[in-house]
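Given next are the chains, with one letter for each unit.
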Amino acid sequence: MSTNRNRMTACIYVCRFIILICAAGFLAACAVTNPPPLPPSNPADPQVGAPAKTRRNVLARDETTLAIEKQLSATEAEAKSAGKMEHDMQNMPGMQHGEMKMEGHEGMEHSATAQPEKKAVADEMKKTADEMKATSDEMKKKSDEMKTSAAIYTCPMHPQIKADKPGKCPICGMTLVKMKVGE
């Protein structure tokens, strides 16, 4: 029984020795050989610069929104400039009473209705200017309300993702969270 045991132990040692020699040979062969060259324009080749694919921004403003914003800002700018504009008829060249020249009416006296008409036109102009200023103020107020009430939602993992309503992140699928004011 002892001889069988000794033979068995010797057999195990011989098998281990053979396995060890095979493993050493395998490692030596792997260390010496170079990997085969990669074909041209293979993306795994570090020398090849693969073009980066840019994702389409689904949260960008479309052409219609940009056109409307452009018109609103132009209208607001016109209303502001009209509201600030004040007409001083006495300092405008050619508008002073003595400078007005009317060809063919040299001997004609000023009619009594010219003064009330002038006042009516001036009153109408002031009324129009006031209405434009009121409209401009209302537009500015509405714009400010829209800016403060507009909530922006973003992904906690991808802060570059922004949306004007709750939803899911297009990259990871996480629920978008409302941004705090001042972020």
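Relevant structure appears above.
Residues numbered from 1 in each chain as written. Predicted model: local features only at pLDDT ≥ 70, side-chain atom pairs only at ≥ 80, totals over all residues. Heavy atoms only, no water.

Moving on, we come to the overall build of the chain. Scanning the chain from N- to C-terminus turns up 3 helices and 3 strands. When the helices and strands of the chain are read in sequence order from the N terminus, they spell out α-α-α-β-β-β. Counting across all 183 residues of the chain, residues that qualify as buried make up 9%. Once local pairs closer than 6 in sequence are excluded, the contacts in the chain between residues at least 24 apart make up 31%. For the chain, the accessible area works out to roughly 16700 Å², and carbon and sulfur atoms hold 62% of it. (Helix = DSSP H or I, 4+ residues; strand = E, 2+ residues; numbered from the N terminus. Buried < 20%, exposed > 50% of the residue type's maximum accessible area, 1.4 Å probe, protein only. Contact = heavy atoms within 4.5 Å. Areas by Shrake-Rupley, 256 points an atom, 1.4 Å probe, with all protein chains shown as cover.)

The next subject is the side chain of Thr154. Mapped onto the elements, Thr154 comes out in strand β1 (residues 153–154). Those residues in contact with Thr154 that sit more than four places away from it in its chain are Pro159, Ile161, Leu176, Val177 and Met179.

Looking now at the environment of Thr175. By secondary structure assignment, the location of Thr175 is in the loop between β2 (162–163) and β3 (177–178). Using a relative accessible area of 47% as the deciding quantity, one classes Thr175 as partly exposed. Between the C-alpha atoms of Thr175 and Tyr153, which are 22 residues apart in sequence, the distance is 9.3 Å. When neighbours within four sequence positions are excluded, Thr175 is seen to be in contact with Pro156, Gly167 and Lys168.

With that settled, the discussion passes to the sheet that holds β2. The sheet built from 3 strands is open, its strands ordered β2-β1-β3 with antiparallel pairing. This sheet does not close on itself; its edge strands, each paired only once, are β2 and β3. Relative to β2, β1 runs antiparallel, the two sharing 2 bridges. Looking at the pairing, Thr154 lines up with Lys162 of β2. (Pairing = 2+ DSSP bridges.)

Turning our eyes to something else, we now look at the pattern of salt bridges. As enumerated under the stated definition, the model contains 3 salt bridges in all. One salt bridge connects Lys119 with Asp123, and the closest N-O pair in it is separated by 3.7 Å. Of this pair, Lys119 and Asp123 both sit in helix α3 (residues 114–149), 4 residues apart, roughly one helical turn. Notably, a salt bridge pairs Asp130 with Lys126, separated by 3.7 Å at the nearest N-O pair. A residue pair is termed a helical-turn pair when its members lie 3 or 4 positions apart in one helix, as Asp130 and Lys126 do in helix α3 at 4 residues. You can call Asp130 partly exposed: its relative accessible area is 42%. (Salt bridge = Lys/Arg side-chain N within 4 Å of Asp/Glu carboxyl O.)

So, on to the state of the cysteines. By definition, a disulfide links the sulfur atoms of two cysteine residues through a covalent bond. Evaluated as defined, the whole model comprises 0 disulfides. Lacking any disulfide linkage, Cys11 is separated from the closest cysteine sulfur, that of Cys15, by 4.4 Å. The structure places no disulfide on Cys155, whose sulfur is separated from the nearest cysteine sulfur, that of Cys169, by 3.6 Å. (Disulfide = S-S within 2.5 Å.)

This part takes up a nonpolar patch on the surface. Taken together, Val14, Phe17, Ile18 and Ile21 make up a surface patch of nonpolar side chains, about 390 Å² in accessible area. Within the secondary structure, Val14 sits in helix α1 (residues 2–32). (Patch = residues over 30% accessible without salt bridge, like charges linked within 9 Å, V, L, I, M, F, W, Y side chains within 5 Å.)

Listed in full, the 7 residues of the largest apolar core are Ala151, Tyr153, Cys155, Ile161, Ala163, Cys169 and Leu176. Cys169 has contacts with Cys155, His158, Ile161, Met174 and Leu176, leaving out every residue within four places of it along the chain. (Core = buried A, V, L, I, M, F, W, Y, C linked by side-chain atoms within 4.5 Å.)

Before going further, it helps to examine the environment of Glu76. Note that Glu76 resides in helix α2 (residues 63–84). A C-alpha to C-alpha distance of 9.1 Å links Glu76 and Asp137, two positions 61 residues apart in sequence.

To continue, consider the side chain of His158. Along the chain, His158 turns up in the loop between β1 and β2. Judged by its relative accessible area of 19%, His158 falls in the buried class. Look past the residues within four positions of His158 in its chain and what remains in contact with it is Cys169, Ile171 and Cys172.

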